Amino acid sequence: MKNFLLQLFTWWNGQTMGTRFFTWRKGKRVGEDQFGNVYYEGPMSSYGLQKRWVIYNGYAEASAIPPGWHGWMHHRTDVPPTKQDYKAHEWQKPHHANLTGTAAAYRPQGSLVEAGQRPRVTGDYDAWTPGN
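Residues numbered from 1 in each chain as written. Predicted model: local features only at pLDDT ≥ 70, side-chain atom pairs only at ≥ 80, totals over all residues. Heavy atoms only, no water.

## Points about the environment of Tyr-59
Working step 1: Summarising the element assignment, Tyr-59 is placed in the loop between strand 3 (50–55) and helix 3 (67–73).
Working step 2: Each C-alpha atom, one on Tyr-59 and one on Gly-14, is 5.9 Å from the other, the two residues being 45 residues apart in sequence. (Helix = DSSP H or I, 4+ residues; strand = E, 2+ residues; numbered from the N terminus.)

## Focus on the pattern of salt bridges
Working step 1: Applying the stated rule across the entire model yields four salt bridges.
Working step 2: The closest approach of N and O atoms between Arg-52 and Glu-41, which form a salt bridge, is 3.4 Å. You can see Arg-52 sitting in strand 3 and its partner Glu-41 sitting in strand 2 (residues 38–44), a full eleven residues away along the chain.
Working step 3: For Arg-52, a relative accessible area of 13% corresponds to the buried category.
Working step 4: A salt bridge links Lys-87 to Asp-85; the shortest N-O distance between them is 3.1 Å. (Salt bridge = Lys/Arg side-chain N within 4 Å of Asp/Glu carboxyl O. Buried < 20%, exposed > 50% of the residue type's maximum accessible area, 1.4 Å probe, protein only.)

## A look at the sheet that holds strand 3
Working step 1: Sheet architecture is open: three strands sit in the order 1-2-3, paired in antiparallel fashion. Edge strands, defined here as strands with exactly one partner in the open sheet, are strand 1 (28–32) and strand 3. Put simply, the sheet's adjacent strands are angled 25 degrees from each other on average, direction ignored.
Working step 2: In terms of strand pairing, strand 2 meets strand 3 through five bridges, oriented antiparallel. For Tyr-39, the partnering residue across the bridge sits in strand 3 and is Val-54. (Pairing = 2+ DSSP bridges. Axes fitted to C-alpha atoms, helices over the stretch in contact; angles between N-to-C directions.)

## Comments concerning the layout of surface pockets
Working step 1: A volume near 280 Å³ is recorded for the largest pocket.
Working step 2: Around the largest pocket sit 18 residues that line it, and Gln-34, Pro-66, Pro-67, Gly-68 and Ala-88 are the ones nearest its centre.
Working step 3: Take the lining of the largest pocket: its biggest share by element is three residues, from helix 3. (1 Å grid on protein atoms, 1.4 Å probe; cavity = no way out; pocket = protein on both sides within 12 Å on 5 of 7 lines; lining within 4 Å. Points joined across faces, edges and corners; volume = space filled by probe spheres on them.)

## Observations regarding a nonpolar patch on the surface
Working step 1: Residues Met-1, Phe-4, Leu-5, Leu-8, Phe-9 and Met-17 make up a contiguous nonpolar surface patch of roughly 640 Å² in combined accessible area.
Working step 2: The leading source of residues in the nonpolar patch is helix 1 (residues 2–9), at four residues.
Working step 3: We classify Met-1 as exposed; its relative accessible area is 73%. (Patch = residues over 30% accessible without salt bridge, like charges linked within 9 Å, V, L, I, M, F, W, Y side chains within 5 Å. Areas by Shrake-Rupley, 256 points an atom, 1.4 Å probe, with all protein chains shown as cover.)

These figures come from the coordinates and say nothing about function on their own.
As C-alpha cells, then:
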C-alpha cells in the first residue's frame, strides 16, 4: 500500500503510475546498473530518436547514473554498456550523493553557518571612508 501511494503522489521515489503504465505498454528493458537503476528504450520520439528513460532505485537523482549509461541515455552511443565492455576513464568519478542541506554538506571557513573568518582575496571590496 505504501509503494502504491508513493507512486501515485510523488515523482521522486522511483516511478509514478503513469511511468509504470507507459513502461509496461511501450518499454523494452535494456539493462540495469550497479545501483539498481533500470534502463528502458521505447518508440521513436517526435524528433526522430528512440525514447530512453531510467527507473531509479530509490530517489530520482540524475547524478546516480554511471558514465556509460549517461552516454547511452543522451544518445552519445547506440550501444548500451551491457552490450559492450565499457570501462570508465580514470577521470570519471563514482557517484556521491548530493549532501546539500544536510549536516555533512561542505561549509567553507567563514560561511554563514561556519565559524571563523574567510581568507582575504584580491577581489575583496574595500569601502571608501572619509579621510582615506
